[in-house]
Amino acid sequence: MKRLIAAVVLLILLAAAGIMGNRLIVSRCETLFALLDECEADFYAGNGREACDRLEEYYVRQEDLLSAFVNHDAVEEVGLSIARLNGYAGTQSQADFAGECAVLRARIIHIRNQETIGVDSLL
């Protein structure tokens, strides 16, 4: 009986960690999307460097937390993409900036779809 109780408690803890991780990934991805939208809007308005700096600062703060739940290669790819985006924001190259925004969006969507529980990831 004691083993059964221990197994149930462990199962509950694992389920809670999974739910917490799922919510964490979804909320961080939504925040990254919002900051990327700000960065893109500010870039086309002529002052994209500030918003891209905020995006990079937020990501640096969240990188360790995301690494606990997400594949490390995916986390590093997003970080590199944000660094390239920040570099393009300073050069005023619209084609490169737009291309890197699309790549970054695709990487964030990939993380969200790959690592969270949903109908797409179950089927």
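Basis of the calculations
The numbers attached to residues start from 1 for each chain and follow its sequence in the written order. Only residues with pLDDT of at least 70 are given local features in this predicted model, and only at 80 or more are side-chain atom pairs given and counted; all residues enter the totals for whole chains, interfaces and linings. To obtain the side-chain values, all non-hydrogen atoms of the structure were used and water was disregarded. Only DSSP runs of H or I covering at least 4 residues are called helices, and only runs of E covering at least 2 are called strands; the numbering of each starts at the N terminus. Note that the radius of gyration is over C-alpha atoms, with the globule rule given as 2.2 Å times the number of residues to the power 0.38. For the exposure calls, accessible area comes from a 1.4 Å probe over protein chains only, and a residue counts as buried if that area is under 20% of its type's maximum, exposed if over 50%, partly exposed in between. Contact definition: two residues touch when any of their heavy atoms are within 4.5 Å. The Shrake-Rupley method, run with a 1.4 Å probe, gives the accessible areas here. Residue values count only the displayed protein chains as cover. Under the counting rule used here, the positive set is Lys and Arg, the negative set is Asp and Glu, and His together with the chain ends is not counted. Think of each charge as sitting on NZ of Lys, CZ of Arg, CG of Asp or CD of Glu. Here pLDDT means the predictor's own confidence in every residue, given as a number from 0 to 100. For helices, the fitted axis covers only the stretch in contact; all axes are lines through C-alpha atoms, and the angles between them, taken along N-to-C directions, range from 0 to 180 degrees. Here roughly perpendicular refers to angles of 65 to 115 degrees, roughly parallel to angles under 35, roughly antiparallel to angles over 145, and oblique to all remaining angles. Residues were grouped as follows: Ala, Val, Leu, Ile, Met, Phe, Trp, Tyr, Cys and Pro as nonpolar; Asp, Glu, Lys and Arg as charged; and all remaining residues, including Gly, as polar. For patch building, the residue pool is restricted to those with more than 30% relative accessible area and no salt bridge; the joining distance is 9 Å between like charges and 5 Å between nonpolar side chains (Val, Leu, Ile, Met, Phe, Trp, Tyr). Any carboxyl oxygen of Asp or Glu within 4 Å of a side-chain nitrogen of Lys or Arg constitutes a salt bridge here.

## Concerning the overall build of the chain
Step number 1: Counting its regular elements, the chain contains five helices and zero strands.
Step number 2: From first element to last, N terminus to C terminus, the chain shows the α and β order α-α-α-α-α.
Step number 3: Taken over the C-alpha trace, the chain has a radius of gyration of 18 Å; the compact-globule value for 123 residues is 14 Å, which it surpasses by more than 25%.
Step number 4: By the burial criterion, 30% of the 123 residues in the chain qualify as buried.
Step number 5: For the chain, long-range pairs separated by at least 24 residues make up 68% of all intrachain contacts whose partners lie at least 6 apart in sequence.
Step number 6: Total accessible area computed for the chain in this model is approximately 7700 Å², and 59% of it derives from carbon and sulfur atoms.
Step number 7: With 11 positive and 18 negative side-chain charges, the chain shows a separation of 11 Å between the mean positions of the two kinds.

## Comments concerning the confidence of the model for the chain
Step number 1: Per-chain confidence: the chain averages 87 in pLDDT, with 93% of residues scoring 70 or above.
Step number 2: Taken element by element, the predicted model of the chain shows its lowest mean pLDDT in helix 5 (residues 119-122) (59) and its highest in helix 1 (residues 2-45) (90).

## A few points about the packing of helix 1 against helix 4 (residues 94-115)
Step number 1: It is at 10 Å that the axes of helix 1 and helix 4 come closest, and there the two elements cross at 170°. For the element pair helix 1 / helix 4, the angle class is roughly antiparallel. Here helix 1 contributes I25, C29, E30, L32, F33, L36, D37, C39, E40, F43 and Y44 to the contact with helix 4, which in turn contributes Q94, F97, A98, C101, L104, R105, I108, I109, I111, R112 and E115.
Step number 2: In terms of residue class, the contact of helix 1 with helix 4 is made up of 15 nonpolar, one polar and six charged.

## Points about a nonpolar patch on the surface
Step number 1: A surface patch of nonpolar side chains, about 730 Å² in accessible area, is lined by M1, L4, I5, V8, V9, I12 and L13.
Step number 2: Here V9 shows up in helix 1.

## Some thoughts on the pattern of salt bridges
Step number 1: Counting across every chain of the model gives seven salt bridges.
Step number 2: Here D42 ties to R54 by a salt bridge, and the two come within 3.9 Å at their closest N and O atoms. One end of the pair, D42, is in helix 1; the other, R54, is in helix 2 (residues 48-67), and twelve residues separate them in sequence.
Step number 3: By relative accessible area, D42 is classed as partly exposed at 23%.
Step number 4: Salt-bridge contacts for R84 lead to E100; the nearest nitrogen and oxygen are separated by 3.4 Å. With R84 in helix 3 (residues 72-91) and E100 in helix 4, this pair connects stretches of sequence that are 16 residues apart.
Step number 5: Note on R84: relative accessible area 34%, which makes it partly exposed.
Step number 6: Counted as one network, the salt bridges with shared partners bring together D37, E40 and R105.

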